[in-house]
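Coordinate analysis (summary)
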Amino acid sequence: MFHLRRSRWALVPAILLLLATAACGAKAPAATLVTPVLETLVMFARDTGLTPATPQVAQPGRYRLTVVNETADSHQLIFASGWKFTLAPNKTTSTEIDIPAEGLKFLCELAGHTEAGFAGEFTVADTASVATSRDSQTAADEAAPSSAGQVLDTLEFHSFEMGFKPTQLEVAKPGRYAVKLINDGALMHDITFADGVKIEAQAGETATGEVDIPAGGLEFICSVPGHEQAGMVGAITVTGSDASTAGDTAATDDHGGPAPTTDVAADANAAAYVPFDAAASAALDGTVHDIDLVVEEKEMTVAEGFVQKVWTFGGTVPGPVIRVKVGDTVRIHLKNPTSSAVPHSIDFHSSQVAWNDEMTSINPGEEKLYEWKAEYAGVWMYHCGTAPALHHIANGMYGMVIVEPREGLPEVDKEFALVQSEWYLGPQKDLTSLEKAAAAAPAPDYVVFNGVANQYVDHPLEVATGERVRVFVLNAGPSVDSSFHVVGTIFDTVIKEGIALTRGNAGNYGAQAVDLAPAQGAIVEFTTAEDGLYPMVTHAFNFVGRGALGLFKAGDGDPLN
Ligand SMILES: [Cu+2]
């Protein structure tokens, strides 16, 4: 059902575009011979007028003109050659124009429009080149490889919501390249280069075009309103003629979210991240648990291209999930190895102990026993509390404790544990930035589930349709609230900080999102209604593009089979 609706909507603009193209093409300037189109020129009609209003072309000849009319008005362009071209409101239309060596003026015929900026002129940079000899033409081409140049290679881009892949591309030398845009998304996208060349592809379709890449490289965006801001940006760089790599080396893939506004540059050579297993471990057997927890200070890839020196409990961020039952005794043997640079400690929110007893710091080389009794059920945080605690948490020292009621939790089909937290990036391979973490209005570079940005987009959590899914959720912070939501589902069970919404309650109330302030936890349960994808997010949506996105995949992920 969803798919059908989406397909139909996707087709509407496609059909309109076809109609527009056909109509304009039929009225193209008369020519007995097929005249080659030298280049596509893109112009925008905005409330402030046409832009660019005085585009320059390299040489006289036939050009394809595409005008993106972003205004709610029609415009009737008339060119000095007599050729007329109508722009419908909020539509993109194309035509072909012949630009003579002396240039070509144009204006909008409608009353008042010329005065409002709907006028301009195409100018020709090199009027001499047409009349000159073949040699000088060749020389001109070499100096500024442009519209007449041969195609050096094909550059392939994928578009999706909301990004390009690759976002960074290196080519060996400047010149003309063919561009193939494969739109994997469910929305229309385009790739619009800084020189105005625009290649547009409907959902699920592929479009091609050509672009001239100058020696200084060329940036590109998707010009669909809002898409650039949502992260659909990228750049082609030119390595020079001695490029050791192939023409299409992808440097990064940012998963399409808004580019994190980080002041730290991505490292294309950063190690791949290690996925964190989101399956919730079973409750430990027995009633007394001796657990060794060893601090490890190490490097970790926290998002593609970003490596930080993190501090961990047990070598991972978050630390291991510790799952027990009410009445159990937990004996944590905290060890800070001699290899550590700083003292550390641990604070279990599931315990009732004096702060200056169990939670004191131990130096490198020391060990400490932290014994506590699980008296209350819930999803609890543990973390390092050594000063500055903000930095020890921001550096990765936190984890989840699950305390089940004495009789245990009801059986479900799948259980996952998800810890939301923030990364405030320091320099590559260095500690996270305490200064950024300590800002009064925290602006994390990444907000993540289980330590790594977007990891469950790459590795969706698999469930079966109709299966009962339980998620233990903890917001480790250190400072930002979470609004945990799974798109396309309703939580019929929520146990948040001791308060329970139960399935089958009188009135049949349900929950859409669970609000978790830092250091709050919840158990949520839901089922998936059909095969498909069910994104997990914090519904504080500015962070979804900063890593707080994952997927549950029900069945094969396809609602249609
Ligand atoms: Cu610590």
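Let us now look at the overall build of the protein. Scanning the protein from terminus to terminus reveals six helices and 38 strands. Within the protein, the proportion of its 561 residues that are buried is 40%. Contacts in the protein between residues at least 24 apart in sequence constitute 72% of all its contacts with a sequence separation of at least 6.

An order of β29-β28-β31-β36-β33-β34 is seen for the six strands of this open sheet, with the pairing classed as mixed. Edge positions in the sheet fall to β29 (446–449) and β34 (499–501), since each of these pairs with one other strand and no more. Each strand of the sheet is rotated relative to its neighbour by a mean of 15°, with strand direction disregarded. Bridge count for strand β28 (residues 414–423) against β29 is four bridges, and the pairing is antiparallel.

Time to look at the confidence of the model for the protein. Of all residues in the protein, 86% attain a pLDDT of 70 or more, and the chain-wide mean is 85. This model gives residues 1–33 a pLDDT under 50, and the stretch forms 21 contacts once residues within four places in sequence are excluded. Taken as a whole, residues 129–147 scores under 50 in pLDDT and shows 21 contacts with residues more than four places along the chain or in a different chain.

Our next topic: the sheet that holds strand β6 (residues 84–87). Spatially, five strands are ordered β3-β9-β8-β5-β6 in an open sheet, and the strand pairing comes out mixed. Unpaired on one side and paired on the other, β3 (56–57) and β6 mark the two borders of the sheet. Of the pairings in the sheet, the one linking strand β8 (residues 104–108) to strand β9 (residues 119–124) comprises four bridges and is antiparallel in character. Counterpart to L104 in the pairing with β9 is F122.

Right, let's talk about the nonpolar core for a bit. Membership of the largest hydrophobic core comes to 79 residues, with the highest contact counts inside it found for V379, M400, F472, V473, A522 and V524. Counting residues per element, this core draws most heavily on strand β31 (residues 468–477), which supplies six residues. Setting aside chain neighbours within four positions, we find F472 in contact with A280, V379, M400, I402, A417 and I523. Within the second largest apolar cluster, 45 residues are counted, among which are V42, I191, I199 and I213.

Let us look at the pairing of strand β23 (residues 329–336). Strand residues, when the strand is regular, have side chains that alternate between the two faces of the sheet. Here β23 shows a buried face lined by V330, I332, L334 and N336 and an unburied face lined by T329, R331, H333 and K335. Sheet analysis places strand β20 (residues 288–303) next to β23, joined by seven bridges and oriented parallel. Bridge pairing links I291 to I332 in β23. Inspection of the sheet shows β23 paired to strand β25 (residues 366–373) by eight bridges, in the antiparallel sense. Each bridged residue has a counterpart across the sheet, and for I332 the counterpart in β25 is Y370.

In the segment running from A387 into P388, the intervening peptide bond is cis, with an omega of -10°. Within the secondary structure layout, P388 lies in the loop between β26 (378–383) and α4 (389–394). Going from G477 to P478, the amide bond is cis rather than trans, its omega being 20°. One non-glycine residue, K429, adopts positive backbone phi at about 65°. Phi angles above zero are rare outside glycine, and E497 is one such case at about 50°. Note on placement: E497 falls in the loop between β33 (493–496) and β34.

Attention now goes to the environment of F552. Within the secondary structure, F552 sits in strand β38 (residues 549–554). Sequence separation of F552 and T528 is 24 residues, and the distance between their C-alpha atoms is 9.1 Å. Among residues more than four places away in sequence, those in contact with F552 are P460, L461, V463, V486, T528, Y534 and M536.

This paragraph deals with the environment of V224. Topologically, V224 is positioned in the loop between β17 (218–221) and β18 (233–238). Each C-alpha atom, one on V224 and one on H189, is 6.5 Å from the other, the two residues being 35 residues apart in sequence. Apart from the residues within four sequence positions on either side, V224 is in contact with M188, H189 and D190.

Let us look at the environment of D190. Positionally, D190 belongs in strand β14 (residues 189–193). Under the C-beta neighbour-count criterion, D190 is labelled buried, with 24 such atoms within 10 Å. Residues D190 and V224, 34 residues apart in the sequence, show an inter-C-alpha distance of 7.1 Å. Not counting chain neighbours up to four residues away, the residues in contact with D190 comprise K198, I199, E200, A201, C222, S223 and V224.

The rules behind these values
- Think of each chain on its own: its residues are numbered from 1, step by step along the sequence as written.
- Predicted model: local features are reported for residues with pLDDT of at least 70 only, side-chain atom pairs are reported and counted for 80 or more only, and whole-chain, interface and lining totals are derived from all residues.
- Secondary structure elements follow DSSP: runs of H or I of four or more residues count as helices, runs of E of two or more count as strands, with numbering from the N terminus.
- Three exposure classes are used, all based on how many other C-beta atoms lie within 10 Å of a residue's own C-beta (placed from the backbone): buried at 20 or more, exposed at 12 or fewer, and partly exposed between those limits.
- What counts as a contact is two residues whose backbone-derived C-beta atoms lie within 7 Å of each other.
- Strand pairing is defined by DSSP finding a minimum of two bridges between the two strands.
- Helix axes are fitted only over the stretch in contact, all axes being lines through C-alpha atoms; the angle between N-to-C directions runs from 0 to 180 degrees.
- Looking at any residue, its pLDDT shows the predictor's confidence there, from 0 to 100.
- Only buried Ala, Val, Leu, Ile, Met, Phe, Trp, Tyr and Cys residues enter a nonpolar core, and they are joined through C-beta atoms within 7 Å.

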